[in-house]
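Here is what each chain is made of, one letter per residue.
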Amino acid sequence: GELYARRPDVGGADGGRSMITGEARLAIYDLFADYVNRLDGFRLDDWLALFVDGDAYCIVPREDHAATLPLSLMLCNGKDMMRDRAVALWANCTT
């Protein structure tokens with residue numbers, strides 16, 4: 001199937017969708033695989049390296065996203081907050 005990138009800041013008849021190249025699709029898949037491997041390996045510093053300063057990490061349930069509800073299960077603004085949250089979660093997972 002075709003892969004589209006959705007831009008929420010763009011309206012119009014296509015809803016802000018634009019088709020991406022196969023090369024971009026592979027880069028996205030590689031990023032997802034790298035992201036998951038870092039998390040699965042409990043490599044916190046490596047995982048945080050995927051973000052830039054000022055990034056926000058937000059987890060929104062699929063149903064809420066589909067219903068365009070802006071509520072999130074977790075919202076972390078910046079790497080320090082992401083690190084604190086990840087350390088707390090991993091401490092609970094490993095005990």
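Description of the structure in this document.

Parameters and conventions
Residues numbered from 1 in each chain as written. Predicted model: local features only at pLDDT ≥ 70, side-chain atom pairs only at ≥ 80, totals over all residues. Heavy atoms only, no water. Helix = DSSP H or I, 4+ residues; strand = E, 2+ residues; numbered from the N terminus. Expected span 1.5 Å × (residues − 1). Phe/Tyr/Trp six-rings, centres within 6.5 Å; stacked < 30°, edge-to-face > 60°. Buried < 20%, exposed > 50% of the residue type's maximum accessible area, 1.4 Å probe, protein only.

**Comments concerning helix α1 (residues 22-40)**
Here is step 1 of the chain: The end-to-end C-alpha distance of α1 is 27 Å, a good match for the 27 Å that 19 residues give at a rise of 1.5 Å each.
Here is step 2 of the chain: The positive-phi residue at the C-terminal boundary of α1 is Phe 42, with phi of around 55°.

**Quick look at the packing of aromatic side chains**
Here is step 1 of the chain: Considering all chains together, one arrives at six aromatic pairs under this definition.
Here is step 2 of the chain: Arranged with centres 6.5 Å apart and planes meeting at 70°, the rings of Tyr 35 and Phe 51 form a pair that is edge-to-face. Of this pair, Tyr 35 sits in helix α1 while Phe 51 sits in the loop between α2 (44-48) and β3 (56-59); the two residues are 16 residues apart in sequence, bridging distant segments of the chain.
Here is step 3 of the chain: Judged by relative accessible area, Phe 51 falls into the buried class, the value being 12%.
Here is step 4 of the chain: Centre to centre, the rings of Phe 42 and Trp 90 are 5.5 Å apart; their planes meet at 70°, and the pair counts as edge-to-face. Taken together, the residues Phe 42 in the loop between α1 and α2 and Trp 90 in helix α4 (residues 79-93) connect sequence positions 48 residues apart.
Here is step 5 of the chain: Taken together, the aromatic side chains of Tyr 35, Trp 47, Phe 51 and Tyr 57 make up a single cluster linked through ring pairs.

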